[in-house]
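What follows is each chain in one-letter form.
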Amino acid sequence: MGLEEKLPSGFLLSTVEQVAGWARRSSVWPATFGLACCAIEMMATGDPRHDMARGGMERASATPRQADLMIVAGRVSQKMAPVLRQIYDQMSEPKWVIAMGVCASSGGMFNNYAIVQGVDHIVPVDIYLPGCPPRPEMLLDAILKLHDKIQNTKLGPHRRKQIQELELAKMRSLPLLSQPGGKA
């Protein structure tokens, strides 16, 4: 016998955090940053077969001030890194980043001085999407996972506390080489 059974039908019970999370995840506007072959797959995600508009993302923005999601698709060169950071800094808060493809995630097969070995050296990444190039279905799955992350993001002081806890946990985690069994 819960509270739901005592209320007349048509009442909706929720919290402000849940409503704000639903509104945020339902209105994500991506800033596309297509740099290589992954950009073709990212463009294919907007076609009628895959239809990014189902998630409220039909407006891909070329202006960073109106976007809150950056999809970095492809390899990032050292010359492009400051531009990527500047666009990220111009985006409105809260903002999220998807690293699409192995080149954006880790530099891919381009292990040389000209390519940044992972976009996470420039901007904080929320979702890493593997593949060379990843299929549009994989990008849609990553977007759905990001929607879930946005939906469950805390607000106000709770959000700051959540971010501090996550950063502290990352600082405490040991690098793979210094863990027991690893070679130092």
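See above for the structure.
Residues numbered from 1 in each chain as written. Predicted model: local features only at pLDDT ≥ 70, side-chain atom pairs only at ≥ 80, totals over all residues. Heavy atoms only, no water.

Here we look at the overall build of the chain
The helix and strand tally for the chain stands at 7 helices and 4 strands. Residues counted as buried form 34% of the 184 residues belonging to the chain. Of the contacts formed within the chain by residues at least 6 apart in sequence, a portion of 74% connects residues at least 24 apart. Surface accessibility of the chain: about 11700 Å² in total, with carbon and sulfur atoms responsible for 59%. (Helix = DSSP H or I, 4+ residues; strand = E, 2+ residues; numbered from the N terminus. Buried < 20%, exposed > 50% of the residue type's maximum accessible area, 1.4 Å probe, protein only. Contact = heavy atoms within 4.5 Å. Areas by Shrake-Rupley, 256 points an atom, 1.4 Å probe, with all protein chains shown as cover.)

Some thoughts on the pattern of salt bridges
Enumeration over the complete set of coordinates arrives at 6 salt bridges. As a salt-bridge pair, Arg85 and Asp89 come within 3.1 Å of each other at their nearest N and O atoms. Here Arg85 pairs with Asp89, and both are found in helix H4 (residues 81–90), just 4 residues apart, close to one helical turn. Overall, Arg85 belongs to the partly exposed group, its relative accessible area being 31%. (Salt bridge = Lys/Arg side-chain N within 4 Å of Asp/Glu carboxyl O.)

Some remarks on the environment of Cys38
Its location among the elements puts Cys38 in helix H3 (residues 38–44). Residues Cys38 and Ala104, 66 residues apart in the sequence, show an inter-C-alpha distance of 9.2 Å. The residues touching Cys38, leaving out its near neighbours within four places in the chain, are Ala73, Gly74, Met100, Gly101, Pro133 and Pro134.

Regarding the packing of aromatic side chains
Counted under the stated rule, the structure contains 0 aromatic pairs. One cation-aromatic arrangement involves Lys95 over Tyr88; the distance from NZ or CZ to the ring centre is 4.3 Å. (Phe/Tyr/Trp six-rings, centres within 6.5 Å; stacked < 30°, edge-to-face > 60°. Lys NZ or Arg CZ within 6 Å of the ring centre and 35° of its normal.)

Considerations on the nonpolar core
The biggest cluster of nonpolar side chains holds 19 residues, and the ones touching the most others in it are Leu69, Ile98, Met100, Leu139 and Leu146. Counting residues per element, the ones that place at least two in this core are H3, strand S2 (69–73), strand S3 (96–100), strand S4 (127–129) and helix H6 (136–151). Listed in part, the 16 residues of the second largest apolar core include Val72, Ala104, Ile122 and Val125. (Core = buried A, V, L, I, M, F, W, Y, C linked by side-chain atoms within 4.5 Å.)

A closer look at the pairing of S2
Of all 5 residues making up S2, 5 are buried, and the element is well covered by its neighbours. Residues Leu69, Ile71 and Ala73 of S2 are buried on one face, and the alternating residues Met70 and Val72, pointing to the opposite face, are buried as well. In terms of strand pairing, strand S1 (residues 30–34) meets S2 through 5 bridges, oriented parallel. The partner of Thr32 across the bridge, within S2, is Ile71. Note that S2 and S3 share 5 bridges and pair parallel. Pairing of Leu69 across the sheet is with Trp96, part of S3. Running through H4, the crossover from S2 to the neighbouring parallel element S3 is right-handed. (Pairing = 2+ DSSP bridges. Right-handed = clockwise from strand over helix to strand, strands pointing away.)

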